[in-house]
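What follows is the residue order along each chain.
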Amino acid sequence: MGKQAVLKQLPSTNNDLLAYVFLKSGDKDEILVDTDWGQCTRKGLCTLSPRGWVMDMVIDMMGLYVSTSSSEMLYIPTTARNLCAKRDKKIGTNYITTKYMSNNGSNYKSVFIPILLEKHWYVCVCDMMQKKNHILDSLPQRRLDKRTSNAVKVVTNVADIIARTNGYKHFASVKSFPYCNVSIPRQSDGFNCGVYVLKWLEAGEDHTLWTNVDYYKDMDAYRNHVLIKLLLWDKNKKGRSLILKSAS
């Protein structure tokens, strides 16, 4: 389904917003989602168009959208993890813990970690209750060993970052959790892996949705669903001005 076909099915306000993001020749660097935790530009949001390969800034923003409304899920953005890896570990850890984590580490029941390997997005969910690391991967089983071993490295790094914070030392235990590959309905294309990650983020701890074939239907409509959510998020400082701009 193309952009125009999707737009025709939407309510007028949503239609106007999507038209403003997708169809006008606006500045690709214009910030359209601006929150206390991060920003997302038009260039990033345009990767939610049909067949687009979703950028990390979109996945991070959706992760923050979900996790900031939940006291039980911890999400640390990929961009922040990269910052921590490139800078002095102490400085990077302080940045992450003060910006993205609450004061009570015992509340979190899961840590959601999106992983990018060779242009493919997948996820590891560290389940603090079941003491398991669930790997959610939309690709077939080929090269699964490589993606699993990469997940072990990423989880170890994240666990070390979190455990350096007072009240979070118990998170080091996720490094010893067994890794379980969840049987996910497979993607049949080469561009929707990031959209699967967005789906898993919104599903949260509802494991029944992870394996439900119907949950992955109509991915183009879901791309627009995510875009509208982020634009109209009450934490988006640009939301009101975007509605006015798109309607003019």
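As a reminder, the structure under discussion sits directly above these lines.
The written sequence of each chain sets the order in which its residues are numbered from 1. Only residues with pLDDT of at least 70 get local features here, since the model is predicted, and only at 80 or more are side-chain atom pairs given and counted; chain-wide, interface and lining totals rely on the full set of residues. Side-chain numbers come from the whole structure's heavy atoms, not from hydrogens or water.

1. Some points on the overall build of the protein chain
Okay, so step 1: In terms of helices and strands, the protein chain carries 11 helices and seven strands.
Okay, so step 2: Residue exposure (1.4 Å probe, protein chains only): buried if accessible area is under 20% of the type maximum, exposed if over 50%, otherwise partly exposed. Out of the 248 residues belonging to the protein chain, those deemed buried represent 51%.
Okay, so step 3: Residue contacts follow a heavy-atom distance rule, with two residues in contact if any of their heavy atoms lie within 4.5 Å. At a minimum sequence separation of 6, the contacts of the protein chain that also span at least 24 residues come to 62%.
Okay, so step 4: Areas reported as accessible are Shrake-Rupley estimates using a 1.4 Å probe. Residue values count occlusion only from the protein chains shown. Summed over its atoms, the accessible surface of the protein chain is roughly 11800 Å², and 51% of this surface lies on carbon and sulfur atoms. Comment: elements are numbered from the N terminus, with helices defined as DSSP H or I runs of at least four residues and strands as E runs of at least two.

2. Quick look at the state of the cysteines
Okay, so step 1: Cysteine sulfur pairs qualify as disulfides if the two atoms are within 2.5 Å. One pass over the full model with this rule turns up zero disulfides.
Okay, so step 2: Left without a disulfide partner, Cys180 is nearest to the cysteine sulfur of Cys124, which lies 9.4 Å away.

3. Focus on the nonpolar core
Okay, so step 1: Nonpolar core, defined: a set of buried Ala, Val, Leu, Ile, Met, Phe, Trp, Tyr and Cys residues in which side-chain atoms within 4.5 Å join the residues together. In terms of nonpolar packing, the biggest core is built from 73 residues, with Leu45, Phe112, Ile162, Trp200 and Leu231 touching the most fellow members.
Okay, so step 2: Of the residues forming this core, the biggest block, eight residues, is contributed by helix H8 (residues 193-203).

4. Remarks on helix H10 (residues 219-231)
Okay, so step 1: Helix span, expected: 1.5 Å multiplied by one less than the number of residues in the helix. Taking 1.5 Å as the rise per residue, H10 with 13 residues should run 18 Å; its terminal C-alpha atoms sit 19 Å apart, in good agreement.
Okay, so step 2: Of all 13 residues in H10, 10 are buried; the element is thus mostly enclosed.
Okay, so step 3: All of the buried residues in H10 are Met219, Asp220, Tyr222, Arg223, Asn224, Val226, Leu227, Ile228, Leu230 and Leu231.

5. A few points about the sheet that holds strand S4 (residues 110-117)
Through backbone hydrogen bonds, the strands of a sheet pair up, either in parallel or in antiparallel fashion.
Okay, so step 1: The five strands lie next to each other as S3-S4-S5-S6-S7, forming an open sheet whose pairing is mixed. A strand with exactly one partner marks an edge of an open sheet, and here the two such strands are strand S3 (73-75) and strand S7 (179-181). Across this sheet, the average inter-strand angle for adjacent strands is 25 degrees, counted without regard to direction.
Okay, so step 2: Only when DSSP finds a minimum of two bridges between them are two strands counted as paired. Relative to strand S6 (residues 132-136), strand S5 (residues 120-127) runs antiparallel, the two being bridged by five bridges. Note that in S6 the partner of Val125 across the bridge is His134.
Okay, so step 3: Interaxial angle, 0 to 180 degrees, is taken between N-to-C directions of lines fitted to C-alpha atoms, where a helix line uses only the stretch in contact. In this fold helix H4 (residues 56-67) packs onto S3, S4 and S5, with an angle of close to 155 degrees to the strand it touches most, S3.
Okay, so step 4: Packed on one face of the sheet, helix H7 (residues 144-163) meets S3, S4, S5, S6 and S7 and runs near 130 degrees to S4.

6. Thoughts on the packing of aromatic side chains
Okay, so step 1: Side-chain rings of Phe, Tyr and Trp, where Trp is taken by its six-membered ring, are said to pair if the distance between their centres is within 6.5 Å; with planes under 30 degrees apart they count as stacked, over 60 as edge-to-face, and otherwise as tilted. As enumerated under the stated definition, the model contains nine aromatic pairs in all.
Okay, so step 2: Consider the rings of Tyr168 and Phe171, whose centres lie 5.8 Å apart with planes at 35 degrees: the pair is tilted. The two residues Tyr168 and Phe171 agree in class, both being buried.
Okay, so step 3: An aromatic cluster is defined as three or more aromatic residues linked by ring pairs; in this entry it consists of Tyr196, Trp200, Tyr215 and Tyr216.
Okay, so step 4: The criterion for a charge sitting over a ring is simple: Lys NZ or Arg CZ within 6 Å of the ring centre, and within 35 degrees of the ring normal. Against the face of Trp53 rests Lys119, its NZ or CZ located 3.8 Å from the ring centre.
Okay, so step 5: The residue whose ring lies beneath Lys199 is Tyr215, and the NZ or CZ to ring-centre distance is 4.4 Å.

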